[in-house]
Amino acid sequence: MIKITIVAENTAARAGVLGEHGLSFWIETPAARLLFDAGPALSFRHNAGALGIPLGRADAVVLSHGHDDHTGGLSWALPRMPDAKIFLHPDALQPRFSLRGQAHPIGMPADARGALKARASSLVWTARPAKIAAGIHVTGAIPRKSELEDTGGPFFLDAGGTQPDPISDDQALWLETPSGLIVVLGCAHAGVINTVEYIRSMAPGRPVRALLGGMHLGAASPDRLDWTVKALQKLLPRQLSPMHCTGLPAVAALWQALPGRCLAGGAGVCFEFSDSLK
């Protein structure tokens, strides 16, 4: 049995939890228990308690990238996860900014960076793919093959907006099961199709059992959105759960294009898969 619980997401799907812009998953498998991203600080801390997430049993933490809405809860979580290895790309720690309106920092909060520094011996740098446990892998940096799939926003490495941020630290998680791949995304800044195709190149011949997480299509051009929808129709995942930064128009388009395959996400939702790990 594999269980994936949404700890933090833009929306709350049950009473007693908070919705806040960000994302975090708690993943339980026969091989390991891990936290994928740590959401924004307020909702992550509240929801982890409300949902009874046993952080102390974590074997690993995986960071999809270094934005604050995915790392805000780290300073609270890491002291409660003493035995967990922490998988992150080396570029996740660099400063970064969004220039939507006035420039504002969106990089990892200082207290999160401090918590990681305090756990230096637990850090596993993932510029390349890495194995977390049997059947569980992280992509490391994802090749950007599709010209249509940009990072999804006005992201920069400086407040003046002179150095575009390629978000080279963007990475995803995948689990290999007998019925196919379960792919977990943070924001897919490298492109959702780039991400899935890269994973499939490392697990050739495997269908996509489930695709969960943020797809950063909120600012996608009509051409990019149409192309992405058609590509996902060809991939035909058995379950598709677009959330967080995917954007309502894209979510609506995907639900319409893949009827019967889309399931809603939201803080408090738990997806269960009867599969074992391969």
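Scroll up to find the structure.
Since we're looking at a predicted model, the values are computed, not measured.

Chemist: In this structure, what is going on with unusual backbone geometry? I would like to understand it.
Modeler: Of all residues except glycine, most have a negative phi; of all peptide bonds, most are trans. Phi at His 216 is positive, roughly 45°, even though this residue is not glycine. Along the chain, His 216 falls in the loop between strand 14 (208-214) and helix 6 (222-235). Under the relative-accessibility criterion, His 216 is labelled buried at 11%.

Chemist: Would you explain the pairing of strand 14 in this entry?
Modeler: Burial within strand 14 is extensive, with seven of its seven residues counted as buried. Pairing of strand 13 (residues 180-185) with strand 14, which is carried by five bridges, proceeds in the parallel orientation. Each residue of the ladder has a partner; that of Val 184, found in strand 14, is Leu 212. On the question of chirality, the crossover connecting strand 13 to the parallel strand 14 by way of helix 5 (residues 192-202) is right-handed. Sheet analysis places strand 14 next to strand 15 (residues 239-243), joined by five bridges and oriented parallel. Paired with Gly 213 across the strands is Pro 242, a residue of strand 15. In the classification by handedness, the crossover that spans strand 14, the intervening helix 6 and the parallel strand 15 is right-handed.

Chemist: Please explain the sheet that holds strand 5 (residues 85-88) as it appears in this structure.
Modeler: The strands that make up a sheet pair up through hydrogen bonds in the backbone, lying either parallel or antiparallel. Within the open sheet, the seven strands sit side by side as 8-5-4-3-2-1-16. Their pairing is mixed. At either end of the open sheet lies a strand with only one pairing partner, and these are strand 8 (123-125) and strand 16 (270-273). Sheet twist, expressed as the mean angle between neighbouring strand axes with direction ignored, is 20°. Pairing between strand 1 (residues 2-8) and strand 2 (residues 24-28): five bridges, direction antiparallel. Residue pairing for strand 2: Thr 5 is matched across the bridge by Trp 26.

Chemist: Would you mind going over the packing of helix 5 against helix 6 with me for this structure?
Modeler: For any two helices packed against each other, the geometry comes down to the angle between their axes and how far apart the axes lie. Relative to each other, helix 5 and helix 6 sit at 30°, their axes nearing to 10 Å. Relative to helix 6, the element helix 5 is oriented roughly parallel. Two secondary-structure elements touch here, helix 5 through Val 192, Ile 193, Val 196, Glu 197 and Arg 200 and helix 6 through Trp 227, Thr 228, Ala 231, Leu 232 and Leu 235. Of the residues assigned to the contact of helix 5 with helix 6, the class counts are seven nonpolar, one polar and two charged.

Criteria and cut-off values
Residues numbered from 1 in each chain as written. Predicted model: local features only at pLDDT ≥ 70, side-chain atom pairs only at ≥ 80, totals over all residues. Heavy atoms only, no water. Helix = DSSP H or I, 4+ residues; strand = E, 2+ residues; numbered from the N terminus. Buried < 20%, exposed > 50% of the residue type's maximum accessible area, 1.4 Å probe, protein only. Pairing = 2+ DSSP bridges. Right-handed = clockwise from strand over helix to strand, strands pointing away. Axes fitted to C-alpha atoms, helices over the stretch in contact; angles between N-to-C directions. Parallel < 35°, antiparallel > 145°, perpendicular 65-115°, else oblique. Contact = heavy atoms within 4.5 Å. Nonpolar A, V, L, I, M, F, W, Y, C, P; charged D, E, K, R; others polar.

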